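These are the residues of each chain, in order.
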Amino acid sequence: MKKTIFSAIVFLGASLSYGQNLAKDSNKNTTEQGPAVSKEMEAYAVKNGTYIIASPKGKEVKADGEVTLAKAKLVDPAAMGIKIINRTQYFTITGSTDLLVVKSTWVLENEMKTAKK
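Among the secondary structure elements, Ser104 is positioned in the loop between strand E4 (98–102) and helix H5 (105–116). For Ser104, the contacting residues outside a window of four places in its chain are Ile84, Ile85, Asn86, Arg87 and Thr88.

Structure follows, in structure tokens:
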């Protein structure tokens, strides 16, 4: 009987400890920064930093802002006045149901690595 109670206490302690570590890891993801925007990444983004997609039907996308179609056609986020960050950004296009997608630093870095191969 004592072994059973002891085993239950050890198991409970291990479970609580594991759960606390998971909570720490989930908080870490929201504060981590992606790769820094280098000169090489900025140059790559001039031609590959954005793209336009049709707005998904039945799904509402939280837009980060709005741009004109003329700006969206520039492709270069810097030319549009948009800063590249560590998450993908979505912008509505004035007078359209389409969305402008600005690639994140993670996506751009991965594309640059793949393009070098």
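At a closest axis distance of 10 Å, the pairing of helix H2 (residues 39–48) and H5 adopts a crossing angle of 90 degrees. Taken together, the axes of H2 and H5 are roughly perpendicular relative to one another. Touching Glu40, Met41, Tyr44, Ala45 and Asn48 of H2 are Thr105, Leu108, Glu109, Glu111, Met112 and Lys116, all from H5. Split into classes, the residues belonging to the contact of H2 with H5 amount to five nonpolar, two polar and four charged.

Attention shifts here to the sheet that holds E4. The strands that make up a sheet are held in pairs by hydrogen bonds between backbone atoms, and each pair lies either parallel or antiparallel. Pairing is mixed in the open sheet, where four strands are placed in the order E1-E4-E3-E2. Among the strands making up the open sheet, the edge pair consists of strand E1 (50–54) and strand E2 (65–67). Neighbour-to-neighbour, the strand axes of this sheet turn through a mean angle of 35 degrees, independent of strand direction. Of the pairings in the sheet, the one linking strand E3 (residues 89–93) to E4 comprises four bridges and is antiparallel in character.

Each value, and the rule that gives it
Residues numbered from 1 in each chain as written. Predicted model: local features only at pLDDT ≥ 70, side-chain atom pairs only at ≥ 80, totals over all residues. Heavy atoms only, no water. Helix = DSSP H or I, 4+ residues; strand = E, 2+ residues; numbered from the N terminus. Contact = heavy atoms within 4.5 Å. Axes fitted to C-alpha atoms, helices over the stretch in contact; angles between N-to-C directions. Parallel < 35°, antiparallel > 145°, perpendicular 65-115°, else oblique. Nonpolar A, V, L, I, M, F, W, Y, C, P; charged D, E, K, R; others polar. Pairing = 2+ DSSP bridges.

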